[in-house]
Every structure is written in C-alpha cells, then in structure tokens.
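Given next are the chains, with one letter for each unit.
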Amino acid sequence: QYCGVGWAMVHPVLQWQLLHYYGDRRVVEQQYETSRRWLDLVAAANPGHVISDGLGDHEALGASPPEALVTPMYFASAQLVARLAGVLGREAESARYSALAENIRRAFTERMQNPAADRRTANTQSVEAFALASGLLDPSGRTIAARRLLDDIRGAQNGHLSTGIFGTKFALDVLSAEGHAQEIFDVVRQDTYPGWAYMLANGATTLWEHWAPSDDTYSHNHPMFGSISEWMFKWLGGIQPDPEAVGFDRIRIKPQLVDGINWVRSSYRSVHGEIVSNWSRTERTIEWQVTIPANTTATLFLRADSLDQVQEGRTILVPARRAEGVRAARLDGQYAVFTVGSGTYRFVAKWSGK
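Because the structure is a prediction, the values reported are computed rather than measured.

Helix and strand counts for the chain stand at 11 helices and 11 strands. Since a compact globule built from 354 residues should have a radius of gyration of about 20 Å, the 22 Å found for the chain is in line with a globular shape. A principal-axis box enclosing the C-alpha atoms of the chain has dimensions of 65 × 50 × 40 Å. Counting only residues that meet the buried cut, the chain has 49% of its 354 residues in that class. Here the chain contributes 35 positive and 38 negative side-chain charges, whose respective centroids are spaced 7 Å apart.

Tracing the chain through its elements places Asp152 in helix α7 (residues 139–154). One buried charge, Asp152, has no salt-bridge partner; the nearest side chain with opposite charge is Arg148, at 10.0 Å. A distance of 2.9 Å separates a polar atom in the side chain of Asp152 from a polar atom in the side chain of Gln125. Apart from the residues lying within four places of it in its own chain, the contact partners of Asp152 are Gln125, Gln157 and Ser162.

Turning to the packing of aromatic side chains, a few remarks are in order. Enumeration over the complete set of coordinates arrives at 15 aromatic pairs. Seen in terms of ring centroids, Tyr21 and Phe248 are 5.4 Å apart; in terms of plane orientation they differ by 80°. Their pairing is edge-to-face. Of this pair, Tyr21 sits in helix α2 (residues 10–22) while Phe248 sits in the loop between β1 (239–241) and β2 (250–253), and the two are 227 residues apart along the sequence. On the accessibility criterion, Phe248 (1% relative accessible area) is buried. Measuring from centroid to centroid gives 6.3 Å for Phe130 and Phe166, while their planes differ by 80°, and the two rings are edge-to-face. Remark: Phe166 occurs in helix α8 (residues 165–177) and Phe130 occurs in helix α6 (residues 125–134); sequence separation between them is 36 residues.

Conventions and cut-offs
Along each chain, residues carry numbers from 1 onward, in the same order as the chain's sequence is written. In keeping with the predicted nature of the model, local features appear solely for residues at pLDDT of at least 70, side-chain atom pairs appear and are counted solely at 80 or more, and the whole-chain, interface and lining totals rest on all residues. Water and hydrogen atoms were dropped before computing side-chain values, which therefore reflect all heavy atoms in the structure. Under the scheme used here, helices are H or I runs from DSSP no shorter than 4 residues and strands are E runs no shorter than 2 residues, and both carry numbers assigned from the N terminus. Radius of gyration: C-alpha atoms only; globule rule: 2.2 Å multiplied by the number of residues to the exponent 0.38. Classification of residues uses two cut-offs on accessible area relative to the type maximum, computed with a 1.4 Å probe and protein chains only: under 20% is buried, over 50% is exposed, and between them is partly exposed. Here the positive residues are Lys and Arg and the negative ones are Asp and Glu; neither His nor the chain ends is included. The atoms used to mark charge sites are NZ of Lys, CZ of Arg, CG of Asp and CD of Glu. For this analysis, a salt bridge means a side-chain nitrogen from Lys or Arg found within 4 Å of a carboxyl oxygen belonging to Asp or Glu. Definition of a polar contact: a pair of N or O atoms within 3.5 Å, with one able to donate and the other able to accept a hydrogen when the atoms are protein atoms, and with sequence-neighbouring residues admitted only if both atoms are side-chain atoms. Contact between two residues is taken to exist if any of their heavy atoms lie within 4.5 Å; hydrogens are not considered. Two aromatic rings, drawn from Phe, Tyr or Trp (for Trp, its six-membered ring), form a pair once their centres lie within 6.5 Å of each other, and the interplanar angle then sorts them: stacked below 30 degrees, edge-to-face above 60, tilted otherwise.

This is the structure in structure tokens:
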C-alpha cells in the first residue's frame, strides 16, 4: 500500500518484457490472471480514474503531486493488461481494459491539464517525463511536455536531471526518441551534482541509491539509476527490439551520432543470437558494421543525406539499396532506412555532418 501502482505494475511489465525479449508466452498464460485481478482491485478503489496516493518518482530531487505520477503508471498498466489479454485471445477483456485506459486518459486530462481548474501547478521534470513515457499525451501535448522538460534541464537545473529512478529512465528514453539524444548525452557527461559522472568523480565503483553520497543513510551499491546502461545500448549502439517484436524476432537499430563520441562498439546476445552494432565516423563519413541473427529481420537507420550516398560490402562496395540481404530501402528525413535479413553488413555513408 505504501508504494502503490508504480511498484505493483512490475507484474504485467515483466510479463510483457519476457514475451518481448524472449518469446516466453508461458509466463503470460500463468500470470495474466493475477495481473487482471490486481488491476480490477485498483480500478474498484479509484472510480474517478485518478490516483492521488502512492510512491511516485522515488529519489527525485523535486516534489511532484502524486496524482501526476501515479496516474500515468495506472494508465500504462491498463494498456499493458489489455495487451496481455490480446496475446491470450481474451478479446472482451482486452477491449475492457483498453476502455479503462481511455477513461484514465480523459480523467487525467480534465484534472491535471485543465488551466481553468488550476491543477497544473508542478511542471517538474518527473511530471513531464511520466506523462511522455506513459503515452497519455496527444501529439501537441507531447511537444509541449518535451519542451518543458528540456527547458528545465537546460535552465533551472543547469544541464542536469532532477528525476528519480522512474523519471530518469523515462527522460532518457523519451527525449532520445523525440530527437534529443545529444542533450541527454550532454547531461550524462556532467561531472557536477547530480549525475553519473559526479558519482565517478566522487569515487563510485557501483551505482548509488541516491544522487548524493551518503555516509549512513543510502546504499552505494544499488541498481537505482541503472537505466543509463540501457540507454547506451538503445541509443548509442541503437539496438532495440521492434515495438511489436516477440522474442526479439524483429529488430530496430538506430544509433544516435552524438557530438563527443566518434565510435561505438555494442552487442546484445538475444534469444536468436548476437546482435552487433559497431560504428565509427570521420568528419564526412560513417562506417557501420551490423550483425543480424538467423530467423530475424531488422530495420536499420543510418544518418545520410541520400540513399545514393550509402554503400555496402565487406571488401567491394556496392550501392546499399541493391546489396545482398537488403530487402527494402527508403529515405526518412536524415536517415537512410534499410530492411534486412540475417547476416553481417558493412555500410559506408557520406553525409554532411549536420
């Protein structure tokens, strides 16, 4: 009861992640009913669909109203349980929990984002990150929330995060997904309080429970704030499961070429085999080696000004769009996008560096 939804929702979260990363449907078959009963209990206790108690962004440096943090997690939980019901073919339950999620969205919007109600009083980094990560906001709302989050990082916090263990993970992911990986990398490099480089500068050999050092209150060996490791794999190496992947059978690799790093070597041992994303760059050229395991497909995003500037080959380079194993190619903004099958590829691209 003390921690509330944010901690209890690990039950449906883990079911989906085990399916997403490992293809383990048995866990969903065995555990779904428990998640369904838990969500029904939460819904019965909160008929207004806004939850105003429970632990929110643990170890955040700024206070936020609980309803602005716990309600987005309640919304995400309803969506997750609906998705798990769909996996099991329980369509009526899936529809019911999807409807619950929409009721939560409406209630949250009316209560927390209505200027006339004067409820939007705490635009903390945690509030913005939770709303963005949960999917509660429409496109215009996402743009506003991302701007507020960035403005607070750059301005009031002088280039730092003030989030706790949830909000930190959310901020790293959502801002990178919105095209702001450079700003996140700049945050990660800060060696002043609070931050990971600050921990290192103060003798840390393991992650701390709290942003600040402590002689007698907080642990100095905790997985708290460990989401930075996930961020490096997902955004510097670029390795991610496709949103609809089951057992990592569909892969998405979209490395972010941030200023301050000229090469990255990354790999992930998926249930299908090793996925590799190694890139290096000069002022005008990117070289990228990718390995995709058997029985999977991947969508690759490479920074380039045009498809014609991308070649592929270990020794002899050919136009990437006609290379063996490349099934489709298109240009999407600043990215050349390729759909590929299993194999090892070496892409070389010229780009403007912008």
